[in-house]
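Here's the letter readout for the chains.
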Amino acid sequence: VSGQTVHIIDDRVKIVLEAGDLLFLNQYTYHKVLPAGKGDSGINFIILPEFFDVAFSMVEEENELKNFLVDTLRKDNSRGNYLHFHVSGILPIQNLIENMTWSILNHETNRHKINQTTMGLLFLQLMNYTDTLEDHDKEQFGNRLTMNALRYIEENYRDATLEELAKMEEKSIYQVSRLIRTHTGYTFKELLQIKRMNKAVEL
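Residues numbered from 1 in each chain as written. Predicted model: local features only at pLDDT ≥ 70, side-chain atom pairs only at ≥ 80, totals over all residues. Heavy atoms only, no water.

Undergrad: Explain the environment of Thr 132 to me, and be specific about the residues and the numbers.
TA: Looking at the element boundaries, Thr 132 is found in the loop between α4 (111-126) and α5 (138-156). Classification of Thr 132 by relative accessible area gives buried; the value is 13%. Distance from Thr 132 to Ser 88, taken between C-alpha atoms, is 9.8 Å for residues 44 residues apart in sequence. Once residues lying within four places of it in the same chain are set aside, the contact partners of Thr 132 are His 84, Phe 85, His 86, Val 87 and Ile 90. (Helix = DSSP H or I, 4+ residues; strand = E, 2+ residues; numbered from the N terminus. Buried < 20%, exposed > 50% of the residue type's maximum accessible area, 1.4 Å probe, protein only. Contact = heavy atoms within 4.5 Å.)

Undergrad: Talk me through the pattern of salt bridges; I want residue IDs and the actual numbers.
TA: With the rule as written, the count across this model stands at six salt bridges. Salt-bridge contacts for Arg 151 lead to Asp 131; the nearest nitrogen and oxygen are separated by 3.4 Å. Remark: Asp 131 occurs in the loop between α4 and α5 and Arg 151 occurs in helix α5; sequence separation between them is 20 residues. Its salt-bridge partner being Arg 151, residue Glu 155 comes within 3.3 Å of it at the nearest N-O pair. A residue pair is termed a helical-turn pair when its members lie 3 or 4 positions apart in one helix, as Glu 155 and Arg 151 do in helix α5 at four residues. (Salt bridge = Lys/Arg side-chain N within 4 Å of Asp/Glu carboxyl O.)

Undergrad: Just give me the short version of the packing of aromatic side chains, but keep the residues and values in it.
TA: This structure, assessed with the given rule, holds two aromatic pairs. The interplanar angle of 90° and the centroid separation of 6.1 Å between the aromatic rings of Phe 24 and Phe 85 together place this pair among those described as edge-to-face. Pair noted here: Phe 24 is in strand β3 (residues 22-25) and Phe 85 is in strand β5 (residues 82-85), with a separation of 61 residues, a long-range link. Residue classification places Phe 24 among the buried residues on the basis of a relative accessible area of 11%. For the pair Phe 24 and Phe 123, a centre-to-centre distance of 5.3 Å together with 40° between the ring planes defines the contact as tilted. Of this pair, Phe 24 sits in strand β3 while Phe 123 sits in helix α4, and the two are 99 residues apart along the sequence. (Phe/Tyr/Trp six-rings, centres within 6.5 Å; stacked < 30°, edge-to-face > 60°.)

Have a look at this one:
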């Protein structure tokens, strides 16, 4: 909210949050916050896993980007999973966080449902801004690139190519292909086919 807060993930990754940043932590992640200074403040939401059921149901069609987000935030992993979005300049996202905070602080009627719906809208917006993900280590770099790839497929499924994606990411085709396979279990071609089939079903 103001100033900055310093977070340590799994005793190995240091993350400095600036005002407007969002840090999502998987429930299995070991995490500590270093002492804050005067004028440093942030808001910590503790969200039960079942809370996401309503939020993600708002993405009606089968969507691999949504599935990847869900897995990142729910999967029990030997290495803690987290997503750090640098979204201070993105007004719709900041407005949604402000609305959710206001709803909680003012004990608004039906706030539970309102906040679940707001969280769903927040994730819908974040799916449009995967390029704001910060990668602090090798694992998070792979998450960011994979989410960018899934978003690219979502938006360009008619004529998407691995070559174009690699060029956009300024990486080799081999690097991009390997990271996608490692993080999703599918090849780029398979993900493209899944998207096209899901779109056919939707139509």
